Amino acid sequence: MEFLEFVDVLNKQLTSDSFLAGTISQPRLRSNEVQRIKLKKIEIQNELIIQFEYQLEHTMYHKNLPFVEAQKELTEQLNHFRQVHFDHTTYASQAQISKKFKVLYKTKDHPAPKEINFTHNRQKQYILKEDTIHPFLVELGVQTKDGKIRAAKHAKFKQINRFIEMVEDTFPHLPTDRPIRIIDFGSGKSYLTFALYHYLVEIKKRDVRITGLDLKKEVIEHCENIARKLNYEQLNFQIGDISDYEEEAVDMVITLHACDVATDLALARAVHWPA
Ligand SMILES: C[S@@+](CC[C@H](N)C(=O)[O-])C[C@H]1O[C@@H](n2cnc3c(N)ncnc32)[C@H](O)[C@@H]1O
């Protein structure tokens, strides 16, 4: 197939009812910053659009484009890549583009039609927005300085958001007449500790005192430095063992992936307070 004809075919497919998702890969030039582009039809505020996810070596970013813009972007990007795969409800199309822009194009029917369910693809509304620079996420290496989520940290970003959602559910049980006292046992690199502080203090404007406790001196010093740099005044980090930790009353205990018997020790403390 001629390249121009192929571009035309793909543009029609992209905006057809049957299109679900696609991948554009194999950059023509090694110097191409974008390694791969994933496309997905999604519904945002009752409108169907195409989401382009650009995967670079260490980062990724998204563009949500209405159909006409999406076709322009697809046309442009097809000049820079050599492999395309589109998935539709009833079939898949696959193309290999040669150095000289000759296209080997084929389609294959699915054994059974795939269900269209764009609510499935509906974009997740994270509490921490993906397109906003969060200084604590930059300091922790989850986001780059210009706010892109590092590819290797995408799962961590999702986990942090899910964790904040869970904390949201505990809101009715937290005191309103005094500072909320929170301990993170085995805080380690403290992604969740910082996220919790950011959420409660900077978003919810609550008065909190949070302490991260860990056996490891280096992580505690590192996290303490970041907390001071961010002016997170009511967040501090202490070296210590959960089993020796003494305090009169605590409202919330968090402990994630605490190794060995640390989870049991943390639960015992939490029950004792009762947090
Ligand atoms: C797998 S890391 C998890 C770190 C962090 N909570 C997270 O989810 O990213 C477990 C941490 O628990 C700490 N830890 C294990 N036993 C502990 C204890 N008895 N007292 C304090 N910290 C402990 C370790 O030093 C380590 O940093």
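- Going by what an unreviewed UniProt entry lists, the protein chain is known as Class I SAM-dependent methyltransferase and is assigned to Savagea faecisuis.

1. Brief notes about helix α2 (residues 67-78)
1) Next: Compared with the 16 Å implied by 1.5 Å per residue over 12 residues, the 16 Å span of α2 between its first and last C-alpha is a close match.
2) Next: Residues Ala70, Glu73, Leu74, Gln77 and Leu78 constitute the buried set of α2. All buried residues of α2 lie within an arc of 130° about the axis, which places them on one face of the element. Seen from the open side of α2, the exposed residues pointing more than 90 degrees away from its buried face are Val68 and Lys72.

2. Some details on a positive patch on the surface
1) Next: A contiguous patch of positive charge on the surface is contributed by Arg36, Lys38, Lys40 and Lys158.
2) Next: Summarising the element assignment, Arg36 is placed in strand β2 (residues 36-44).
3) Next: Overall, the relative accessible area of 35% leaves Arg36 in the partly exposed class.

3. Section: the environment of Ala266
1) Next: Its place among the elements puts Ala266 in helix α8 (residues 262-272).
2) Next: Through-space distance from the C-alpha of Ala266 to that of His88 is 49 Å; in sequence the pair is 178 residues apart.
3) Next: Leave out the neighbours within four places in its chain, and Ala266 touches Phe185, Ile242, Val253 and Thr255.

4. Some remarks on the side chain of Glu165
1) Next: Along the polypeptide, Glu165 turns up in helix α5 (residues 154-169).
2) Next: There is a polar contact of 2.9 Å between the side chain of Glu165 and the side chain of Arg162.

5. Some points on the packing of helix α1 (residues 3-14) against α2
1) Next: At a minimum axis separation of 10 Å, α1 and α2 run at an interaxial angle of 145°. Considering only the axes of α1 and α2, their crossing is right-handed. Along the contact surface, α1 presents Phe3, Phe6, Val7, Leu10, Asn11 and Leu14, while α2 presents Ala70, Gln71, Leu74, Thr75 and Leu78.
2) Next: A class-by-class count of the residues in the contact of α1 with α2 yields 8 nonpolar, 3 polar and no charged.

Calculation notes
Residues numbered from 1 in each chain as written. Predicted model: local features only at pLDDT ≥ 70, side-chain atom pairs only at ≥ 80, totals over all residues. Heavy atoms only, no water. Helix = DSSP H or I, 4+ residues; strand = E, 2+ residues; numbered from the N terminus. Expected span 1.5 Å × (residues − 1). Buried < 20%, exposed > 50% of the residue type's maximum accessible area, 1.4 Å probe, protein only. Arc of directions from axis to C-beta. Patch = residues over 30% accessible without salt bridge, like charges linked within 9 Å, V, L, I, M, F, W, Y side chains within 5 Å. Areas by Shrake-Rupley, 256 points an atom, 1.4 Å probe, with all protein chains shown as cover. Salt bridge = Lys/Arg side-chain N within 4 Å of Asp/Glu carboxyl O. Lys, Arg positive; Asp, Glu negative; His and termini not counted. Charge placed at Lys NZ, Arg CZ, Asp CG, Glu CD. Contact = heavy atoms within 4.5 Å. Polar contact = N/O pair within 3.5 Å; in protein donor to acceptor, adjacent residues only side chain to side chain. Axes fitted to C-alpha atoms, helices over the stretch in contact; angles between N-to-C directions. Left-handed = near helix turned anticlockwise from the far one by under 90°. Nonpolar A, V, L, I, M, F, W, Y, C, P; charged D, E, K, R; others polar.

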